[in-house]
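One-letter residues, chain by chain:
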Amino acid sequence: MDQALAGGSTDLPFTPEIARATRGLYDKVAHVVPEIEWAVHAPYIKAINDLKRRKNAVILGHNYMTPEIFHCVSDFAGDSLQLAREAARTDAKVIVQAGVHFMAETSKILSPDKTVLIPDLRAGCSLAASITGADVRLLKQKYPGLPVVTYVNTSADVKAESDVCCTSSNAVAVVEDIAREWGVDTVIMTPDEYLAQNVAKQTPVKIIAWKGHCEVHERFTAAEIREYRQANPGIVVLAHPECPPEVVAEADFTGSTSAMIGYVGKHRPGRVVMVTECSMSDNVAVQFPDVDFVRPCNLCPHMKRITLPAILHSLQTMTHEVVVDPLIAGRARAAVERMLAVKMPAQRIAA
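Below you will find a few notes about this structure. (Residues numbered from 1 in each chain as written. Predicted model: local features only at pLDDT ≥ 70, side-chain atom pairs only at ≥ 80, totals over all residues. Heavy atoms only, no water.)

For the structure on display, the rule yields 19 salt bridges. Note that Glu-277 is salt-bridged to Lys-304, the shortest N-O span being 2.9 Å. Of this pair, Glu-277 sits in the loop between β11 (271-275) and α15 (279-287) while Lys-304 sits in the loop between β12 (292-294) and α16 (308-317); the two residues are 27 residues apart in sequence, bridging distant segments of the chain. Taking relative accessible area as the criterion, Lys-304 reaches 25% and is therefore assigned partly exposed. What you see here is one network of salt bridges that share partners, running through Asp-177, Arg-180, Glu-181 and Arg-338. (Salt bridge = Lys/Arg side-chain N within 4 Å of Asp/Glu carboxyl O. Helix = DSSP H or I, 4+ residues; strand = E, 2+ residues; numbered from the N terminus. Buried < 20%, exposed > 50% of the residue type's maximum accessible area, 1.4 Å probe, protein only.)

Here it is as structure tokens:
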């Protein structure tokens, strides 16, 4: 067993004892995880849950994690900023980020005294990789006097060069607030071009966009959405605002991952498609088994580097620790805290 744990192997035995200990968890996810797969997952789930208690650790599970991670080992689950804020409130000494690298950096920024681990250093993000702090500095030189609004899906270095951060759910409010504070009618928004274009349709503030894209969301097309409707009459289409504007125009509702979950919970559509990373549909289906989910098959290759064996190995060996330079972290934290001070209009909160 110890050798298997240290190496991150996938051959831990599924014993009757483990079956009994994890039965309640399997009952929770049986709707989306086949029983034959559970025999592989369960030994790791038990080992991870035992080890994190001994090490005073918590696991943050992003909405795009697979169900056995999201529902069975995560102490907190949700979008990246929500996870980082929850972790900062805990007494745990160790945070394991079941997500991608920029999320681990955000957790470290908000929890500087905690040890933050990422199970696989290769778990990056095409959107975060599309821009650097140097790029932001050049934008400021090109457009002097304009504030920089930066999506939280960015590195600590980029956040540190920005005036305020935003999420996909509060981007409109943040853009309007910073424009009002600075007394300008235009802001710079990085790095997601499609999010910026979708925000621009909802506000009179002019937006200068960076040309970064999420490799998952940029692959969706308007024709694909129409095909979903043709094949599934009456289906409700929920789209993430990182999708191209023509995809958003075809959707019934557009919102962040948390907003999409809220929509399903409030409206309980008979059949729905979430136009985002496909593991999210499985995770939401656990919560709402009465809703029929049509699964898009766009996977994030970076998110899928985070597996149960990788999480166990990370806890066992305390790797890989994520460190952020304190000077960068302080400036990045200021941009995040500036965002948190923005009050959301009631109608946007309700959405």
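With that settled, the discussion passes to the pairing of strand β8 (residues 206-209). Relative to β8, strand β7 (residues 186-190) is paired through four bridges, and the arrangement is parallel. Of the residues in β8, the one forming a bridge with Ile-188 is Ile-208. Regarding topology, helix α11 (residues 193-200) serves as the crossover connection from β7 to the parallel β8, and that connection is right-handed. (Pairing = 2+ DSSP bridges. Right-handed = clockwise from strand over helix to strand, strands pointing away.)

Further remarks concern the environment of Glu-250. Examined against the element boundaries, Glu-250 turns out to sit in helix α13 (residues 245-250). You can call Glu-250 partly exposed: its relative accessible area is 23%. Linking Glu-250 and Glu-68, residues 182 residues apart in sequence, is a C-alpha distance of 32 Å. Setting aside anything within four residues of it in sequence, one finds Glu-250 in contact with Ala-222, Ile-225, Arg-226 and Arg-229. (Contact = heavy atoms within 4.5 Å.)

At the junction of Thr-190 and Pro-191, the peptide bond is cis and its omega measures out at -10° in the coordinates. Residue placement: Pro-191 occurs in the loop between β7 and α11. His-320 follows Thr-319 through a cis peptide bond whose omega is -5°. Relative to the elements of secondary structure, His-320 occurs in the loop between α16 and α17 (326-340). Although it is not a glycine, Asn-56 adopts a positive phi angle of roughly 50°. Along the polypeptide, Asn-56 turns up in the loop between α4 (35-54) and β1 (57-62). Under the relative-accessibility criterion, Asn-56 is labelled partly exposed at 35%. In this structure, Met-318 is a non-glycine residue whose phi angle is positive, near 55°.

The residue Asp-79 is located in the loop between β2 (76-78) and α6 (80-89) in this model. Ignoring sequence-local partners within four residues, the contact set of Asp-79 consists of His-62, Asn-63, Thr-257 and Ser-258.

Turning next to the packing of α6 against helix α7 (residues 101-110). Following both chains from N to C, one finds α6 and α7 inclined at 35°, their axes separated by 9 Å at the closest point. The interaxial crossing formed by α6 with α7 has right-handed handedness. Across the interface between the two elements, Ser-80, Leu-81, Ala-84, Arg-85 and Ala-88 from α6 touch Phe-102, Met-103, Thr-106, Ser-107 and Leu-110 from α7. In terms of residue class, the contact of α6 with α7 is built from six nonpolar, three polar and one charged. (Axes fitted to C-alpha atoms, helices over the stretch in contact; angles between N-to-C directions. Left-handed = near helix turned anticlockwise from the far one by under 90°. Nonpolar A, V, L, I, M, F, W, Y, C, P; charged D, E, K, R; others polar.)

Pairing between the strands of a sheet is mediated by backbone hydrogen bonds and can be parallel or antiparallel. Taking strand neighbours across the sheet as the criterion, the four strands line up as β2-β1-β3-β4 in an open arrangement whose pairing is parallel. Of all the strands in the sheet, the pair left with one neighbour each is β2 and β4 (115-117). Mean inter-strand twist for the sheet, computed between neighbouring axes without regard to direction, equals 20°. In terms of strand pairing, β1 meets β2 through three bridges, oriented parallel. The partner of His-62 across the bridge, within β2, is Gly-78.

Here we take up helix α12 (residues 222-231). Within the span of α12, buried status applies to Ala-222, Glu-224, Ile-225 and Tyr-228. The buried residues of α12 occupy one face: seen down the axis, they fall within an arc of 160°. Relative to its buried face, α12 has exposed residues pointing more than 90 degrees away, namely Glu-227, Gln-230 and Ala-231. If you follow the buried residues of α12, they end up packed against β9 (236-239), α13, β11 and β12. (Arc of directions from axis to C-beta.)

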